[in-house]
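Residue-level structure breakdown
If you want the building blocks of each chain, they are given just below.
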Amino acid sequence: MKTKIYDIQKLNDRAMAHIKEAADILKKGGLVAFPTETVYGLGADALNPKAVAAIYKTKGRPSDNPMIVHIADMDRLHELSLLRSEVITKLTKRFWPGPLTLVLPKEEKVPDETTGGLSTVAIRMPDNPVALELIKQSDCPIAAPSANLSGRPSPTKCEHVVEDLKGKIPIILNGGNCRVGIESTVLDLTGEIPTILRPGILTQGDLEMVIGDKVVLDPDLNRKKHQDILSPKAPGMKYTHYAPKAEMIIIQGNPDRVRIEIERMKRANEEKGRVVGVILFAEQAFRQAAHDFFAELRSLDDQGVDLILAGALNDENPIGFAVMNRMLKSAGYHIIEV
Ligand code: TXA
Ligand code: MG
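The notes below deal with the structure included here.

Rules of the game
- Residues numbered from 1 in each chain as written.
- Chains lettered and ligands numbered in written order.
- Predicted model: local features only at pLDDT ≥ 70, side-chain atom pairs only at ≥ 80, totals over all residues.
- Heavy atoms only, no water.
- Pairing = 2+ DSSP bridges.
- Helix = DSSP H or I, 4+ residues; strand = E, 2+ residues; numbered from the N terminus.
- Axes fitted to C-alpha atoms, helices over the stretch in contact; angles between N-to-C directions.
- Contact = heavy atoms within 4.5 Å.
- Buried < 20%, exposed > 50% of the residue type's maximum accessible area, 1.4 Å probe, protein only.
- Core = buried A, V, L, I, M, F, W, Y, C linked by side-chain atoms within 4.5 Å.
- Parallel < 35°, antiparallel > 145°, perpendicular 65-115°, else oblique.
- Left-handed = near helix turned anticlockwise from the far one by under 90°.
- Nonpolar A, V, L, I, M, F, W, Y, C, P; charged D, E, K, R; others polar.
- Expected span 1.5 Å × (residues − 1).
- Arc of directions from axis to C-beta.
- Polar contact = N/O pair within 3.5 Å; in protein donor to acceptor, adjacent residues only side chain to side chain.

A look at the sheet that holds strand 12 (residues 247-252)
The strand order across the open sheet formed by four strands is 13-14-12-15, and the pairing between neighbours is parallel. Each edge of the open sheet carries a strand with a single partner, namely strand 13 (276-279) and strand 15 (335-337). Sheet twist, expressed as the mean angle between neighbouring strand axes with direction ignored, is 25°. Taken together, the four bridges between strand 13 and strand 14 (residues 307-311) define a ladder with parallel strand orientation. Residue pairing across strands places Val 276 opposite Leu 307, the latter belonging to strand 14. This element, helix 10 (residues 286-302), spans strand 12, strand 13 and strand 14 of the sheet and lies at about 170° to strand 13. Together, strand 12, strand 14 and strand 15 form the strand contacts of helix 11 (residues 318-330), whose direction differs from that of strand 12 by roughly 135°.

Remarks on the environment of Gln 284
Its location among the elements puts Gln 284 in the loop between strand 13 and helix 10. The exposed category is assigned to Gln 284, whose relative accessible area is 61%. Separated by 36 residues in the primary sequence, Gln 284 and Gly 320 place their C-alpha atoms 8.7 Å from one another.

Some thoughts on the nonpolar core
General note: in soluble globular proteins, nonpolar side chains tend to be found buried as a group. Counting residues in hydrophobic clusters, the biggest one holds 91 residues, and the most contacted among them are Leu 91, Leu 100, Leu 102, Leu 134, Leu 173, Leu 187 and Phe 293. With sequence-adjacent residues up to four places away left out, Phe 293 is seen in contact with Met 248, Ile 279, Phe 281, Val 323, Arg 326, Met 327 and Ser 330. In terms of nonpolar packing, the next biggest core, distinct from the first, is built from eight residues, Val 258, Ile 262, Val 276 and Leu 307 among them.

Some words on the packing of helix 1 (residues 13-27) against helix 6 (residues 129-138)
Working note: a packed helix pair is described by the angle between its axes plus the distance between those axes. Interaxial distance between helix 1 and helix 6 falls to 8 Å at its minimum, and their mutual angle equals 50°. The pairing of helix 1 with helix 6 is recorded here as oblique in orientation. Between helix 1 and helix 6 the crossing geometry is right-handed. Between helix 1, through Met 16, Ile 19, Lys 20, Ala 22, Ala 23, Leu 26 and Lys 27, and helix 6, the contact on the second element is made entirely by Val 130, Glu 133, Leu 134, Gln 137 and Ser 138. Classifying every residue of the contact of helix 1 with helix 6 gives seven nonpolar, two polar and three charged.

Section: the sheet that holds strand 3 (residues 41-45)
Taken together, 11 strands build an open sheet; the order of strands is 1-8-2-3-7-4-6-5-9-10-11 and the sheet is mixed. Lying at the two open borders of the sheet, with one neighbouring strand each, are strand 1 (4-7) and strand 11 (216-217). In this structure, strand 2 (residues 32-34) lies alongside strand 3, joined through three bridges in antiparallel fashion. In the sheet register, Ala 33 faces strand 3, and the bridge partner there is Leu 42. Along the sheet, helix 4 (residues 86-95) makes contact with strand 5 (100-105) and strand 9 (185-188), crossing strand 5 at roughly 155°.

Quick word on unusual backbone geometry
In this structure, Pro 97 follows Trp 96 across a cis peptide bond, with omega equal to -10°. By secondary structure assignment, the location of Pro 97 is in the loop between helix 4 and strand 5. The phi angle at Asp 139 is positive, at roughly 60°, despite the residue not being glycine. Mapping Asp 139 onto the fold places it in the loop between helix 6 and strand 7 (142-143). The exposure class of Asp 139 is exposed, given its relative accessible area of 57%.

Regarding helix 9 (residues 255-271)
Across its 17 residues, helix 9 extends 24 Å between first and last C-alpha, which sits within 8% of the 24 Å expected from 1.5 Å per residue. Turning to helix 9, its buried residues are Val 258, Glu 261, Ile 262, Met 265 and Asn 269. Angularly, the buried residues of helix 9 cover 105° about the axis, an arc narrow enough to put them on a single face. When the buried face of helix 9 is taken as reference, the exposed residues oriented beyond 90 degrees from it are Ile 260 and Glu 271. Contact partners of the buried residues in helix 9: strand 12, strand 13, strand 14 and strand 15. Measuring from the backbone nitrogen of Asp 256 back to the side-chain oxygen at the start of helix 9 gives 2.9 Å, which picks out Asn 254 as the cap. Once helix 9 finishes, Gly 273 follows within two positions and takes phi at roughly 90°, a positive value.

Have a look at this one:
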């Protein structure tokens, strides 16, 4: 399949025509990759089971892994879920459009294909003008996982999407680099206490402040070992994720010792003829780390490294925690303490 790549810097007439073309493809059950503020998404009409099945097929993604449904206005929210509450009102007023996904009881019209057979649906309003315009013009809620092949790092630049999906989908909308760089915070509102299923740039504290009440982290998030996750509530958590092609090891501990150990391991491995890449973020630069992490993984893969040594972030910081959630998965939970 020939893939058209449209660069969109401003929403001028030309851009609107491109978005319209993409929206028409969505309406007909096709797939379109588009930018959001978090990562690029691979979208299809969320209410069309065949279209959603095509996402799974294109990504090579297990079909019990549910999708996030993207909307551009509040009326849509109430079509997809009947649940109304003060918490929902407060959160959507403050954080939408933005990197917050809400898990709510689903209405019947949302197909099982979209929710992986769950009785709940994950919904968010992305904060990106191209995404919002695409959703509006398509006039359908858009199911969109990250626009990478399953298991690869999430795409934060158009070139990442091109690398993974060129030839597989008809249109990629290029809206430049994603502002946040890690996926949205997923918050489950179907239980008694709002529960974070996936940490993101919007933190437990951010959410608690707006709700004025307690928010908890899903206990699975604190388990370091993949094997320990027995009954993941966000099914996406049980799969190998974000994995670079290279072997990856995380080094955790006192920052000075971490730097020294990374240097030592780098030299030792280079002496054995291996090409070694290093990911080491400035100590307090959590947002920068979120922004750069996936792109760094891909860039090291492009350089053909055999081994990636990554310095752990301080996971007592909530954004550090969110990046570490991805870093641990990328490294297959391979972490050493120094
Ligand atoms: O930032 C994002 O959320 C990006 C952009 C494209 O919007 N999308 C994204 O989608 O990260 P995806 O499919 O890669 O991740 C969806 C996450 C998975 O961990 C999935 O298990 C969880 O949300 N999820 C989806 N529906 C759910 C549901 N009904 N209950 C619990 N978890 C759900
Ligand atoms: Mg993903």
